[in-house]
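Next come the chains, spelled out residue by residue.
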Amino acid sequence: MWDQLTLSHLLFVDDTILFCDVSREWLLFIRLALSCFQAFTSLKVNVGKCEIVPVGKVGNTSALANILWCKVGSLPMKYLGIPLGTPFKTTSIWNPILEKMKKKLLGWKRLYLSKGGRLTLLNSTLSSLPTYYLSLFTIPIAMTDKLEHIQRNFLWESSEECFKYPLVAWDKVCSPLEMGGLGIKKLVHFNHALLRKWLWRYGQEGSNYESMSAHRLLTAKEKEEKL
């Protein structure tokens, strides 16, 4: 049953990905389906924003793209903010998160913030920026260190121009309030919790087959991380 699973499309609002074989017949069927969609709904697909993206070695892509009157794209690409075609262990996929954090810090008047104000911004903004990626990818240790370094420096008002020693160990800072910490999310633990939530969700909402598929996927991912 697992080997028979076929993914034909992904839909989210008005963003759509169609998967098909490399054949002229498949593309003609897709073109016919889009034409029927336009005829029944009076909604025209903007082919100027569409791309045909080959996976692996595909010849004559220009001729195939002409069938759908679209452009030829390439991997890696982004879909709903998710990098596709890039190994999930590559640290470069986390660069947008780093850039967002740095932009946030430039916009805040760091010298005029109290410790309480810094803690509030850290919990509400800096800790929340990577949540989307953390729910999809296993964060590399090197990237964890970089992100937590930014958070730690912001909390203790440390910078390259003016270094200040942390007053409390970071592990203690990330402890729950009941245990004397500040309740800041530990990225590694938060990452593991978000990834395993998918397994729980499939177990609660999906069928036995979906639960089995999610379990196999997470198990395979954990084995790959240990290699």
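Note that the structure is predicted; figures quoted are calculated from it, not measured.

(A) Here's a closer look at the packing of helix α1 (residues 24–41) against helix α2 (residues 61–68). Contact pair α1 / α2: the axes reach a minimum separation of 9 Å and the direction vectors enclose 20°. Between α1 and α2, the crossing angle belongs to the class labelled roughly parallel. For α1 against α2, the interelement crossing comes out right-handed. Facing α1, whose interface residues are Arg24, Leu27, Leu28, Ile30 and Arg31, α2 presents Leu64, Ile67 and Leu68. Residues that form the contact of α1 with α2 fall into these classes: six nonpolar, no polar and two charged.

(B) Broad picture of the side chain of Thr61. Counting through the fold element by element, Thr61 comes out in helix α2. For Thr61, a relative accessible area of 19% puts it in the buried group. In contact with Thr61, not counting residues within four places along its chain, are Pro54 and Val72.

(C) Region of the structure containing the confidence of the model for the chain. Put simply, the chain has an average pLDDT of 81, and 84% of its residues get 70 or more. Taken together, the stretch residues 1–5 has pLDDT below 50 and engages in five contacts with residues farther than four places along the chain or on a different chain.

(D) Broad picture of helix α3 (residues 95–107). In this model, α3 (13 residues) spans 19 Å end to end at C-alpha, consistent with the 18 Å of a helix rising 1.5 Å per residue. All of the buried residues along α3 are Ile97, Leu98, Met101 and Leu105. With its buried residues spanning 100° around the axis, α3 presents them on a single face. Those residues of α3 that are exposed and aimed more than 90 degrees away from the buried face are Lys103, Leu106 and Gly107. Elements in contact with the buried residues of α3: α4 (115–126), α5 (131–134) and α6 (141–155).

(E) Structural context of the pattern of salt bridges. Applying the stated criterion across every chain yields a total of two salt bridges. For Glu148, the salt bridge identified is with Lys186, shortest N-O distance 3.7 Å. Here Glu148 is found in helix α6, whereas its partner Lys186 is found in the loop between α7 (170–173) and α8 (187–205), with 38 residues between them in sequence. Under the relative-accessibility criterion, Glu148 is labelled buried at 5%. When the shortest N-O distance is used, the salt bridge between Asp171 and Lys186 registers 2.9 Å. Highlighted residues: Asp171 in helix α7 and Lys186 in the loop between α7 and α8, separated in sequence by 15 residues.

(F) Looking closely at the packing of α3 against α6. One way to put it is that α3 packs onto α6 with a least axis distance of 11 Å and a crossing angle of 10°. In terms of their interaxial angle, α3 and α6 are classed as roughly parallel. Contact residues: Ile97, Leu98, Met101 and Leu105 in α3; Met143, Lys146, Leu147, Ile150, Gln151 and Phe154 in α6. For the contact of α3 with α6, the class distribution of residues is eight nonpolar, one polar and one charged.

(G) Structural view of the packing of aromatic side chains. If you walk through the whole model with that rule in mind, you get three aromatic pairs. Their ring planes at 65° and their centres at 5.5 Å tell us that Trp94 and Tyr133 sit as a pair that is edge-to-face. A residue pair is termed long-range when its members are at least 10 positions apart, and Trp94 in the loop between β6 (82–84) and α3 and Tyr133 in helix α5 qualify at 39 residues. Accessibility assignment for this pair places Trp94 and Tyr133 in one class, buried. Both rings, one in Tyr133 and one in Phe137, keep their centres 5.8 Å apart while their planes meet at 65°; by these two values the pair is edge-to-face. For Tyr133, a relative accessible area of 6% translates into the label buried. Taken together, the aromatic side chains of Trp94, Tyr132, Tyr133 and Phe137 make up a single cluster linked through ring pairs. In this structure, Arg118 packs its charged tip against the face of Phe154, placed 5.4 Å from the ring centre.

Basis of the calculations
Residues numbered from 1 in each chain as written. Predicted model: local features only at pLDDT ≥ 70, side-chain atom pairs only at ≥ 80, totals over all residues. Heavy atoms only, no water. Axes fitted to C-alpha atoms, helices over the stretch in contact; angles between N-to-C directions. Helix = DSSP H or I, 4+ residues; strand = E, 2+ residues; numbered from the N terminus. Parallel < 35°, antiparallel > 145°, perpendicular 65-115°, else oblique. Left-handed = near helix turned anticlockwise from the far one by under 90°. Contact = heavy atoms within 4.5 Å. Nonpolar A, V, L, I, M, F, W, Y, C, P; charged D, E, K, R; others polar. Buried < 20%, exposed > 50% of the residue type's maximum accessible area, 1.4 Å probe, protein only. pLDDT = per-residue confidence, 0-100. Expected span 1.5 Å × (residues − 1). Arc of directions from axis to C-beta. Salt bridge = Lys/Arg side-chain N within 4 Å of Asp/Glu carboxyl O. Phe/Tyr/Trp six-rings, centres within 6.5 Å; stacked < 30°, edge-to-face > 60°. Lys NZ or Arg CZ within 6 Å of the ring centre and 35° of its normal.

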